Amino acid sequence: MEDRKIVRLLFARAENAISELSARFGKQLHRIAYNILGNKMDAEECTNDTYLALWNAIPPVSPDPLAPYVYRTGRNTALKRLHRDTAKKRDSRYDISLEELNGCLPGGDLEQVIDARELGRAMDRFLESKSKENRYIFIRRYWYGDSVGEIAKELHMQENAVSVRLNRIRAGLKEYLEKEGYHYGV
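Residues numbered from 1 in each chain as written. Predicted model: local features only at pLDDT ≥ 70, side-chain atom pairs only at ≥ 80, totals over all residues. Heavy atoms only, no water.

**Some words on the overall build of the protein**
- Along the protein, the regular secondary structure elements total nine helices and zero strands.
- Along its sequence from the N terminus, the protein presents helices and strands in the succession α-α-α-α-α-α-α-α-α.
- In the protein, which comprises 186 residues, the proportion classed as buried is 40%.
- Here the analysis covers contacts within the protein between residues at least 6 apart in sequence; of these, 62% occur between residues at least 24 apart.
- Surface exposure of the protein reaches about 11100 Å², of which carbon and sulfur atoms provide 50%. (Helix = DSSP H or I, 4+ residues; strand = E, 2+ residues; numbered from the N terminus. Buried < 20%, exposed > 50% of the residue type's maximum accessible area, 1.4 Å probe, protein only. Contact = heavy atoms within 4.5 Å. Areas by Shrake-Rupley, 256 points an atom, 1.4 Å probe, with all protein chains shown as cover.)

**Overview of helix H3 (residues 40-57)**
- Taking 1.5 Å as the rise per residue, H3 with 18 residues should run 26 Å; its terminal C-alpha atoms sit 25 Å apart, in good agreement.
- Taken as a whole, H3 has its buried residues at Ala43, Cys46, Thr47, Thr50, Tyr51, Leu54 and Ala57. Relative to the axis of H3, the buried residues are bounded by an arc of 150° and lie together on one face.
- For H3, the elements touching its buried residues are helix H2 (17-37) and helix H4 (66-85). (Expected span 1.5 Å × (residues − 1). Arc of directions from axis to C-beta.)

**Points about the side chain of Arg81**
- The topology assignment puts Arg81 in helix H4.
- By relative accessible area, Arg81 is classed as buried at 12%.
- Discounting residues that sit within four places of it in the chain, Arg81 has contacts with Leu37, Asp42, Glu45 and Asp49.

**Quick word on the pattern of salt bridges**
- The full count for this structure, using the stated rule, is nine salt bridges.
- Two residues, Arg81 and Glu45, come together in a salt bridge whose shortest N-O distance is 3.1 Å. Taken together, the residues span a long stretch of sequence, with Arg81 in helix H4 and Glu45 in helix H3 at a distance of 36 residues.
- You can call Glu45 partly exposed: its relative accessible area is 39%.
- For Arg165, the salt bridge goes to Glu133, with nearest N and O atoms at 2.6 Å. Separated by 32 residues along the polypeptide, Arg165 in helix H9 (residues 159-179) and Glu133 in helix H7 (residues 132-142) bring together distant segments of the chain.
- With a relative accessible area of 33%, Glu133 lands in the partly exposed category.
- Shared partners join several salt bridges into a network, and the residues in it are Arg31, Arg140, Asp146 and Glu154. (Salt bridge = Lys/Arg side-chain N within 4 Å of Asp/Glu carboxyl O.)

Without other data, these values stay purely geometric and don't point to any function.
Laid out in structure tokens, this is it:
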């Protein structure tokens, strides 16, 4: 079903709106949640929580396009749950991918960045200068939390090749951000 039709169903409070959301986005939502939480049952609960959050948000919000809104809502729901459930322990695959990325971000920790929006814009500009495949690898690893093995399999590449690209992209990002005026803690 088209995204606009799903939004109309949500606005109309139609009972089949959730089943249509599930059919269209469920597999990827579950994958995002699982990559962040590392547990199938928690991922399923998080996916259902995402449907509820979408039901409550639409209306009044009328997202266009719908897919990024759905995936961002799912990712945020999973991150909130991760923070709640593992505030003192760091053990998910997603944590590992964030630790990799932390090395090229100023301050060494995302929470120390004063203006996260401007940093996000700078990262967007950096990624726009990369090839489509490198952007895809970066986003799959650091937004969706996919493992290097999953990315390599999907792109028919060796895991080492994906790891090398990620290292080069992170090094380039660090250099780019330094030129943009972001400084790193010693």
